[in-house]
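So you can see what is in the structure, the chains are spelled out below.
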Amino acid sequence: MCDYLVIGGGIIGLNIAIALKEKFPHASVVLIEKEPQVGLHSSGRNSGVLHAGFYYTADSLKARFTREGNAAMKDFCRENNLPLNEAGKVVVSANAREEETLETLMARGSANGVALQWLSAKALEVRYPNIATYRRALFSPSTATVDPRQVTEAFAKRAEKLGVEIRLGCRYERRIDANTIQSSCGAVHFGHLVNAAGLYADRIAHDFSCGEAYTILPFKGIYLKDRENRSGLKTNIYPVPNLANPFLGVHFTLAVDHTAKIGPTAIPAFWRENYRGVENFNAKEMLQILGWEAKLFALNRFGFRTLAIEEMRKYSRSYLTSLARKLTRSMPLEPYRTWSTPGIRAQLLHRHTLELVQDFVVEHHDNTTHILNAVSPAFTASIPFARWVVERL
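Everything numeric in this text was worked out from a predicted model, so none of it was measured.

(A) The sheet that holds strand β8 (residues 144-146), seen in detail. Ordered by their spatial adjacency, 3 strands build an open sheet running β3-β8-β4, and the pairing between neighbours is antiparallel. The open sheet has two free edges, formed respectively by β3 (49-50) and β4 (84-85), since each of these has just one partner strand. Here β3 runs beside β8; their pairing, made up of 2 bridges, is antiparallel. Along β8, the bridge assignment pairs V49 with T145.

In structure tokens form, the structure reads like this:
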């Protein structure tokens, strides 16, 4: 019997376990993770970007936690001697319409308390000669990158030091009753359950009569890499995003080891852990997901048909680099030849409205709490977000 059971050893689950021990130091907290290590899925496969918090409307949970999370994650990295690349980020525009969106981003940044700077095209050319913009660009000095695997593993060590019991290779199987689940390592009795299972959070929530209006749609993200940064990338470069969907478009990322990356894709996946080929193939999942994707494709909800066709084209190296080339003046793209380890984004879909949910979603039912939507920038926001979840228990 444990006071609190956390399902999922990603960045969110680990921080919730830590927040529980910080608030209730004498409580017993158990975290179960189906893999032999923490952070083997979304948390360890993401870009490692610490976002600043200016993409999101001021009334969103993302806006509330990203700016604070950016600072908290940097402090954590410094305290634990983890690599941190504070190279900032430039958001560029291609035309007058996109420049209007830059104005929106500046306004959101101001409302969210995020420091941003305007750079004229001339000032941008002086500072970063290989980056192109229409008339102006936005510079975000607080954007940075970390190694997501190292960070996630450091949080696991922090959790264990506080007294959290982490059971690896322990998979959730089913709900037995209101205070018991069956796992692959036996029955687990709990006082309160927190579901932070990422790609499978909706499945577990449904077992507890929660989150039934939602389902997870997986999207695959991959990058092209230039390990030696022969292209001379000095900062992260992003296009103006389409604010109607949660994806940020093809951009340049400068990792902590100075590997330069182009991407990511947002390719609709066919099953939840559809990383490569038929790896982790699940026929039941494929039929369910293809059913939702077929409906979205036929109705073209939120432009899904256009998105799916466009994203599939990004499997072509030449096409992906052609999109990245629009952000540059003279940056050589020939060195970008190696594909990165794929990641899967656990994107929540509302079953009735057929819309992708853009903000964090947390639902409670009796003695259970379910983190249903924790997509980007959840990695950045994980520390304050987890504390907020625990406060609401």
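(B) Region of interest: the sheet that holds strand β13 (residues 214-221). Strand order in the open sheet formed by 3 strands is β18-β13-β20, with antiparallel pairing between adjacent strands. In this open sheet, the two edge strands, each paired with only one partner strand, are β18 (267-268) and β20 (343-350). By the bridge criterion, 8 bridges tie β13 to β20 in an arrangement that is antiparallel. Each bridged residue has a counterpart across the sheet, and for L217 the counterpart in β20 is Q347. Where helix α8 (residues 283-299) meets the sheet, its contacts fall on β13, β18 and β20, and the angle it forms with β13 comes to roughly 85 degrees.

(C) Focus on the nonpolar core. In terms of nonpolar packing, the biggest core is built from 45 residues, with V6, I12, I16, V151, F155, I371 and F385 touching the most fellow members. Among the elements of the structure, β1 (2-7), α1 (11-23), β2 (29-33), α3 (61-79), β8, α6 (148-162) and α11 (378-391) are those that each provide at least two residues to this core. The element contributing the most residues to this core is α11, with 9 residues. Among residues more than four places away in sequence, those in contact with F385 are I12, F65, F360, V362 and I371. Among the nonpolar cores identified, the runner-up in size contains 25 residues, and I131, A137, F252 and A324 belong to it.

(D) Region of interest: the environment of L290. Secondary-structure assignment places L290 in helix α8. When the C-alpha positions of L290 and S60 are compared, they lie 30 Å apart, and in sequence the two are 230 residues distant.

(E) Examining the packing of aromatic side chains more closely. Counted under the stated rule, the structure contains 13 aromatic pairs. Here the aromatic rings of F302 and F304 are separated by 5.9 Å at their centres, their planes lie at 80 degrees, and the arrangement is edge-to-face. Between F360 and F385 the ring centres are 4.8 Å apart and the planes differ by 50 degrees, which places this aromatic pair in the tilted class. Within this pair, whereas F360 is found in the loop between β20 and β21 (361-365), its partner F385 is found in helix α11, the two being separated by 25 residues in sequence.

(F) Quick look at helix α4 (residues 96-112). Spanning 17 residues, α4 covers 24 Å between terminal C-alpha atoms, matching the ideal 24 Å at 1.5 Å per step. Within α4, burial applies to E98, E99, T101, L102, L105, M106, R108, G109 and N112. Taken end-on, α4 shows its buried residues confined to a sector of 165 degrees, consistent with a single buried face. For α4, the exposed residues set more than 90 degrees away from the buried face come down to R97, E100, S110 and A111. Its buried side turned inward, α4 meets α3, β5 (89-92), β6 (117-120) and β7 (136-140). The N-terminus of α4 is capped by N95, whose side-chain oxygen sits 3.2 Å from the backbone nitrogen of R97. Looking at the residues trailing α4, positive phi occurs at G113, about 75 degrees.

Analysis parameters
- All chains use their own residue numbering, which begins from 1 and follows the written sequence.
- Two thresholds apply to this predicted model, a pLDDT of at least 70 for residue-level local features and 80 or more for giving and counting side-chain atom pairs, whereas whole-chain, interface and lining totals are computed over all residues.
- Water and hydrogen atoms play no part in the side-chain values, which are based on all heavy atoms of the structure.
- Following DSSP output, two strands are said to pair if at least two bridges run between them.
- Comment: elements are numbered from the N terminus, with helices defined as DSSP H or I runs of at least four residues and strands as E runs of at least two.
- Note on contacts: a residue pair is in contact if any heavy atoms of the two residues lie within 4.5 Å.
- To define axes, lines are fitted to C-alpha atoms, for helices over the stretch in contact only, and angles between the resulting N-to-C directions are given on a 0 to 180 degree scale.
- We call a set of buried residues a nonpolar core when its members are Ala, Val, Leu, Ile, Met, Phe, Trp, Tyr or Cys and they connect through side-chain atoms within 4.5 Å of each other.
- Under the scheme applied here, a residue whose accessible area is under 20% of the maximum for its type counts as buried, over 50% as exposed, and between as partly exposed, the area being computed with a 1.4 Å probe on protein chains only.
- For this analysis, a ring pair means two rings from Phe, Tyr or Trp (six-membered ring only for Trp) whose centres lie within 6.5 Å, classed as stacked if their planes differ by under 30 degrees, edge-to-face if by over 60, and tilted for the remaining angles.
- Given a helix with a known number of residues, its expected span is that number minus one, times 1.5 Å.
- It is the directions from the helix axis to the C-beta atoms whose arc is reported.
- Counted as a polar contact is a pair of N or O atoms within 3.5 Å, where, for protein atoms, one must be capable of donating a hydrogen and the other of accepting one, and residues adjacent in sequence contribute only when both atoms are in side chains.

Distances and angles like these do not, on their own, reveal function.
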